[in-house]
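Residue-level listing of the chains:
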Amino acid sequence: MKLWSGRFAKDTDALVNELNASISFDQRLYREDIQGSLAHARMLGDCGVISAEDAAAIREGLQGILRDIEAGKVEFTADNEDIHMNVEALLTARIGDAGKRLHTARSRNDQVALDFRMYVRGQIPVIVEQLLELERVLCKQARRYQSAVMPGYTHLQRAQPISFAQHLMAYAQMFARDVTRLEDCGKRLNQCPLGSGALAGTTYPIDRFQTAAALGFDAPMGNSLDGVSDRDYALELLSDLSILMMHLSRFAEEVILWCSWEFKFIELDDAYATGSSIMPQKKNPDVAELVRGKTGRVYGDLMGLLTVMKGLPLAYNKDMQEDKEPVFDAIDTVEMCLPVFARMLDTMTVRADNMRAAAGRGFINATDCADYLTKKGMAFRDAYTVTGRLVAECAAREKTLEELTLAELRAVSDLFGEDVFEALKLENCMALRGSFGGPAVLETARQIEEMERFADARGT
Ligand code: ARG
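What you see is a predicted model; the values in this text were computed from it and never measured. (Residues numbered from 1 in each chain as written. Predicted model: local features only at pLDDT ≥ 70, side-chain atom pairs only at ≥ 80, totals over all residues. Heavy atoms only, no water.)

Peer 1: Pulling in residues and values, what's your account of the overall build of the protein?
Peer 2: When its secondary structure is counted, the protein shows 19 helices and six strands. Against the compact-globule benchmark of 23 Å for 460 residues, the protein has a radius of gyration of 30 Å, which places it well outside the compact range. A principal-axis box enclosing the C-alpha atoms of the protein has dimensions of 100 × 55 × 40 Å. With 460 residues in all, the protein has 50% of them scored as buried. Once local pairs closer than 6 in sequence are excluded, the contacts in the protein between residues at least 24 apart make up 76%. Here the protein displays about 21,700 Å² of accessible surface, and carbon together with sulfur accounts for 53% of that area. Each charge sign in the protein was given a centre, from 53 positive and 69 negative side chains, and these centres are 2 Å apart. (Helix = DSSP H or I, 4+ residues; strand = E, 2+ residues; numbered from the N terminus. Rg over C-alpha atoms; globule rule 2.2 N^0.38 Å. Buried < 20%, exposed > 50% of the residue type's maximum accessible area, 1.4 Å probe, protein only. Contact = heavy atoms within 4.5 Å. Areas by Shrake-Rupley, 256 points an atom, 1.4 Å probe, with all protein chains shown as cover. Lys, Arg positive; Asp, Glu negative; His and termini not counted. Charge placed at Lys NZ, Arg CZ, Asp CG, Glu CD.)

Peer 1: Break down helix α3 (residues 30–46) for me, citing the residues and quoting the values.
Peer 2: The end-to-end C-alpha separation of α3 is 24 Å, in line with the 24 Å expected for 17 residues at 1.5 Å each. When you tally the buried positions in α3, you get 13 out of 17 residues, the bulk of the element. Glycine 48, located one to two residues past α3, shows a positive phi value of around 75°. (Expected span 1.5 Å × (residues − 1).)

Peer 1: Got a sec to walk through the site of the ligand? Specific residues and values, please.
Peer 2: What surrounds the ligand is the set Ser22, Asp26, Asp82, His84, Arg108, Asn109, Val112, Tyr316, Lys318, Gln321 and Lys324. Within the side chain of serine 22, an N or O atom sits 3.2 Å from a nitrogen atom of the ligand. Glutamine 321 is positioned with one of its side-chain polar atoms (N or O) 2.7 Å from a nitrogen atom of the ligand. Contact with the protein chains removes 87% of the 340 Å² of surface that the ligand exposes when unbound. Of all the elements, helix α6 (residues 108–144) adds the most residues to the shell around the ligand, at three residues. Considered class by class, the residues forming the shell around the ligand number two nonpolar, four polar and five charged. (Near = heavy atom within 4 Å. Polar contact = N/O pair within 3.5 Å; in protein donor to acceptor, adjacent residues only side chain to side chain. Nonpolar A, V, L, I, M, F, W, Y, C, P; charged D, E, K, R; others polar.)

Peer 1: I'd love a proper account of the nonpolar core, names of residues and values included.
Peer 2: Ranked by size, the top nonpolar core spans 102 residues in total, and within it Phe164, Leu241, Leu248, Phe251, Phe341 and Leu345 carry the most contacts. Ranked by residue count, the leading element in this core is helix α10 (residues 232–258), at 14 residues. When neighbours within four sequence positions are excluded, phenylalanine 251 is seen to be in contact with Leu138, Leu168, Tyr171, Phe175, Trp258, Phe341 and Leu345. (Core = buried A, V, L, I, M, F, W, Y, C linked by side-chain atoms within 4.5 Å.)

Peer 1: Account for the pairing of strand β2 (residues 157–163), naming residues and giving values.
Peer 2: Bridge count for strand β1 (residues 149–154) against β2 is six bridges, and the pairing is antiparallel. Opposite methionine 150, over in β2, you have isoleucine 162 as the bridge partner. Once β1 ends, the chain turns through two residues before running back antiparallel as β2, passing histidine 155 with a positive phi of about 55°. (Pairing = 2+ DSSP bridges.)

Peer 1: Break down the packing of aromatic side chains for me, citing the residues and quoting the values.
Peer 2: If you walk through the whole model with that rule in mind, you get 13 aromatic pairs. Ring centres of phenylalanine 116 and phenylalanine 328 lie 6.2 Å apart, and the angle between their planes is 85°; this geometry places the pair in the edge-to-face category. On the criterion of sequence distance, the pair formed by phenylalanine 116 in helix α6 and phenylalanine 328 in helix α12 (residues 324–347) is long-range, its members being 212 residues apart. With respect to class, phenylalanine 116 is no different from phenylalanine 328; both count as buried. For the pair tyrosine 372 and phenylalanine 416, a centre-to-centre distance of 5.7 Å together with 10° between the ring planes defines the contact as stacked. Here tyrosine 372 is found in helix α14 (residues 366–375), whereas its partner phenylalanine 416 is found in the loop between α16 (406–410) and α17 (420–424), with 44 residues between them in sequence. Take tyrosine 372: its relative accessible area is 7%, and that puts it in the buried class. Ring pairing ties together the aromatic residues Phe116, Tyr119, Tyr233 and Phe328, which thus form one cluster. Just above the ring of phenylalanine 328 sits the side chain of arginine 28; from NZ or CZ to the centre is 4.3 Å. (Phe/Tyr/Trp six-rings, centres within 6.5 Å; stacked < 30°, edge-to-face > 60°. Lys NZ or Arg CZ within 6 Å of the ring centre and 35° of its normal.)

Peer 1: I'd like a rundown of the environment of glutamate 133, residues and numbers included.
Peer 2: Following the sequence through the fold, glutamate 133 ends up in helix α6. Remark: the alpha-carbon pair of glutamate 133 and methionine 309, spanning 176 residues in sequence, is separated by 34 Å.

Peer 1: Go over the pattern of salt bridges, please, and point to the residues and values.
Peer 2: Under the defined criterion, the tally for this structure stands at 32 salt bridges. For arginine 108, the salt bridge is made with glutamate 81, and the minimal N-O distance between the two is 3.1 Å. Here arginine 108 is found in helix α6, whereas its partner glutamate 81 is found in the loop between α4 (52–70) and α5 (83–95), with 27 residues between them in sequence. Judged by relative accessible area, arginine 108 falls into the partly exposed class, the value being 24%. In this structure, glutamate 408 engages arginine 397 in a salt bridge whose closest nitrogen and oxygen atoms are separated by 2.9 Å. Placement of the pair is glutamate 408 in helix α16 and arginine 397 in helix α15 (residues 380–397), with a sequence separation of eleven residues. In this structure, a network of salt bridges that share partners links the residues Glu81, Asp82, Arg108 and Lys318. (Salt bridge = Lys/Arg side-chain N within 4 Å of Asp/Glu carboxyl O.)

Here it is, written out as structure tokens:
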């Protein structure tokens, strides 16, 4: 029999039960549900809404249920719809009448809002720690390749010389922002909806500040309708995870490119690559491809929940039961992708020789050539045009800029002197890019140190 069967003359149709029940997925919230109920029961007892004996019996009963769930001894039933009513029904079956008093001054609407909020809050540090582990791997690899010259790209065309460390640290900065974005989400969501009731608060003399503090919130939410209505914290998490996956997916794309024969900048460890069922030579970057592919899922989770919430009148609507699966899916996806991606990067072999060879073709020191002339007194725009002419000439003769003779260079400008060959050396071009945030070794070292401090300050 349903907990709410009082006003009904008929049983629910079996198909409705199937549609309505959420226990198959919201059982994941059992711990938060019981924690919330423990705090609620204590507060009801303290405020004299229920007797101290009932409060104690409820708390003891709930603790027993929690133990039994964790020990795998509890079977939930779709007859009780969701985790909230499953726990309540179990409690009443175990402790009798006192169990029936637990739901005083509470609704499933504020209960689910609380449970879900606590669940999201609890996952943030898990994902942050995984991001920090990824940061540590990036710093470790970057430390090794601070002077490894590689071509930096724009439009996937070789552009200017950078180091492999500088490239890795660009991602490190993105993931650091992902960390702080998640931390922001955690701060903003930390207000307690419990005590909002169904929508309109309650006539009982409850103490929302007590339950908020007991459950680790900064304060109770300030409006009871808002408390049960909004899922912005879940959307914020999904947005943050979508951005995180976008970063990871770009990185994945580069890993895929880098381990192609066309680049061969890296080789993946055998444990982080897969083979083909027909082509014996193949070693495929499936990890990176799956991370790139799963980014689509996480975007879908965000779009799904945004669409569920769009146009819902206040306050609670059952549509909102659809909030959980996309959030669980996005969290599971991210928590699966991050550690394996970090391990893949940690174990890869870097082919600095191939990076250096690639840097040698494509005129990535052309800007430096123009800068050389500019520093000798030519206006940059003129220097740019002169260098462009030299590049065209070199391209036609299949030469690099530094392979031209001084005479050939002086034919276009007499500002060229013997020192131009030093200025065109790729190692020097990179080393001289010492502007703040640039690829010069000292600058990249500063970035690495800063990032190590960032991770240490938060790490467990
Ligand atoms: N299982 C429901 C959910 O996930 C709990 C809240 C139900 N409230 C209600 N008034 N039917 O949203």
